[in-house]
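The primary structure of each chain is shown beneath.
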Amino acid sequence: MKNNELETKSKLQDESLFNSSLGRRSFLQYAGASAAGIALVAAGCKKDRGVENVMTGATLDFKDDFGVLNYAYALEQLEAAFYVKVASAPPSSFTTAQKAYFQDIQFHEIAHREFLKNALSTAAIGSLEVDFSSIDFTSSTSVLAAAMAFEDLGVAAYNGAGVRIKTDIYLVLAGKIVSVEARHAAYIRDIISNGSFADLNSMTALGANNAAGLDGALTPDKVLAIAGKFVKTKINVINL
């Protein structure tokens, strides 16, 4: 087994920190997130196993588990950037409870992002440049609609990528993350329309099957096509 794979596996074993009594801020300290790390994901690329530079963007190579983990890392970057922006300046019409929710959820997404980044180490792709120009962050309607879209897509992304994960510990980690994303999705839906938290009929485009009680699941190419409008960095996909 290669040294970087051994290192990655060792770090991923620390995923139990998600459930420990350390709490979200202690986890962020472990993951390497500082006050600066809570800022929006900035533009910029680094040269690593992701085979990227300023000109070519980021490459997701699905030939092994590292590709799947980088795919998850890319999506968590997007979600973290969105929630940090909302939490830093929520719409004026947000209730106290909604402001508290978005404060909490940003730490979940930052934790996911930083855990994957640190676990991947030098195999991680660089930071993605986001594009939220289509979202009106002063409007609660626009923000909630975007949050629902991100969460529903995130659930479908993890579900659709599970079949590509070959290592048990990685699959367990993905399952623990997707269940949290599903909790987010249910809460957001209930804010928008009370009682709609389990409305699978509205997610058939994401692969949901209400009759079978199954949530959405999309292949990475379909997920990235949908998420592409929110990412400026070019994402290349190979060996899918």
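Everything below is about the structure shown above.
This structure is a prediction, so every number in the text was calculated from the model and none was measured.

Caption draft 1: Looking closely at the overall build of the protein. If you tally the helices and strands in the protein, you get 7 helices and 2 strands. From first element to last, N terminus to C terminus, the protein shows the α and β order α-α-β-α-α-α-α-α-β. When contacts within the protein are restricted to residue pairs at least 6 apart in sequence, long-range pairs at least 24 apart make up 76% of them. For the protein, the computed accessible surface area is about 11300 Å², with 54% contributed by carbon and sulfur atoms.

Caption draft 2: Local environment of the pattern of salt bridges. A full pass over the atoms with the stated rule returns 3 salt bridges. Of the charged contacts in the structure, one is a salt bridge between glutamate 114 and arginine 113, with a shortest N-O distance of 2.7 Å. Glutamate 114 gets classed as buried once you look at its relative accessible area, which sits at 8%.

Caption draft 3: Local environment of empty space enclosed by the protein. All chains considered together, the criterion is met by 3 cavities of 30 Å³ or more. By volume, the largest cavity amounts to about 110 Å³. Along its surface, the largest cavity is lined by 14 residues, and Val68, Ala72, Tyr158, Ile165 and Ala174 are the ones closest to its centre. Looking at the lining of the largest cavity, the elements with two or more residues in it are helix H3 (65-88), helix H5 (140-161) and helix H6 (168-192). The leading source of residues in the lining of the largest cavity is H3, at 5 residues. Its volume calculated, the second largest cavity comes out at about 60 Å³. Forming the boundary of the second largest cavity are Leu75, Leu78, Glu79, Phe150, Leu153, Gly154 and Ala227. Looking at the lining of the second largest cavity, the elements that each hand over two or more residues are H3 and H5. By residue class, the composition of the lining of the second largest cavity is 5 nonpolar, 1 polar and 1 charged.

Caption draft 4: Layout of the environment of aspartate 104. Take aspartate 104: it is sitting in helix H4 (residues 96-120). Spatially, the C-alpha atoms of aspartate 104 and tyrosine 83 are 9.3 Å apart, while their sequence positions differ by 21 residues.

Caption draft 5: Seen up close, helix H7 (residues 220-227). Among all positions in H7, only Pro220, Val223, Leu224 and Ala227 are buried. Buried residues of H7 fall within an arc of 95° about the axis and therefore sit on the same side. Where H7 is buried, its residues touch strand S1 (58-61), H3, H5 and strand S2 (235-238).

Caption draft 6: Main features of the nonpolar core. In terms of nonpolar packing, the biggest core is built from 57 residues, with Tyr71, Phe82, Phe102 and Phe132 touching the most fellow members. Among the elements that take part in this core, H3 stands out by supplying 13 residues, more than any other. Excluding residues within four positions of it along the chain, phenylalanine 132 makes contact with Leu78, Ala81, Phe82, Lys85, Phe137, Phe150 and Phe230.

Caption draft 7: Just unusual backbone geometry, in detail. Its identity as a non-glycine residue notwithstanding, serine 121 has a phi of 55°, on the positive side. Mapping serine 121 onto the fold places it in the loop between H4 and H5. By relative accessible area, which is 22% here, serine 121 ends up partly exposed.

Caption draft 8: View of H6. An ideal rise of 1.5 Å per residue puts 36 Å on 25 residues; H6 measures up with 36 Å between its terminal C-alpha atoms. Within H6 the residues assigned to the buried category are Ile169, Tyr170, Leu173, Ala174, Ile177, Val178, Glu181, His184, Ala185, Ile188 and Arg189.

Definitions and limits used
- Residues numbered from 1 in each chain as written.
- Predicted model: local features only at pLDDT ≥ 70, side-chain atom pairs only at ≥ 80, totals over all residues.
- Heavy atoms only, no water.
- Helix = DSSP H or I, 4+ residues; strand = E, 2+ residues; numbered from the N terminus.
- Contact = heavy atoms within 4.5 Å.
- Areas by Shrake-Rupley, 256 points an atom, 1.4 Å probe, with all protein chains shown as cover.
- Salt bridge = Lys/Arg side-chain N within 4 Å of Asp/Glu carboxyl O.
- Buried < 20%, exposed > 50% of the residue type's maximum accessible area, 1.4 Å probe, protein only.
- 1 Å grid on protein atoms, 1.4 Å probe; cavity = no way out; pocket = protein on both sides within 12 Å on 5 of 7 lines; lining within 4 Å.
- Points joined across faces, edges and corners; volume = space filled by probe spheres on them.
- Nonpolar A, V, L, I, M, F, W, Y, C, P; charged D, E, K, R; others polar.
- Arc of directions from axis to C-beta.
- Core = buried A, V, L, I, M, F, W, Y, C linked by side-chain atoms within 4.5 Å.
- Expected span 1.5 Å × (residues − 1).

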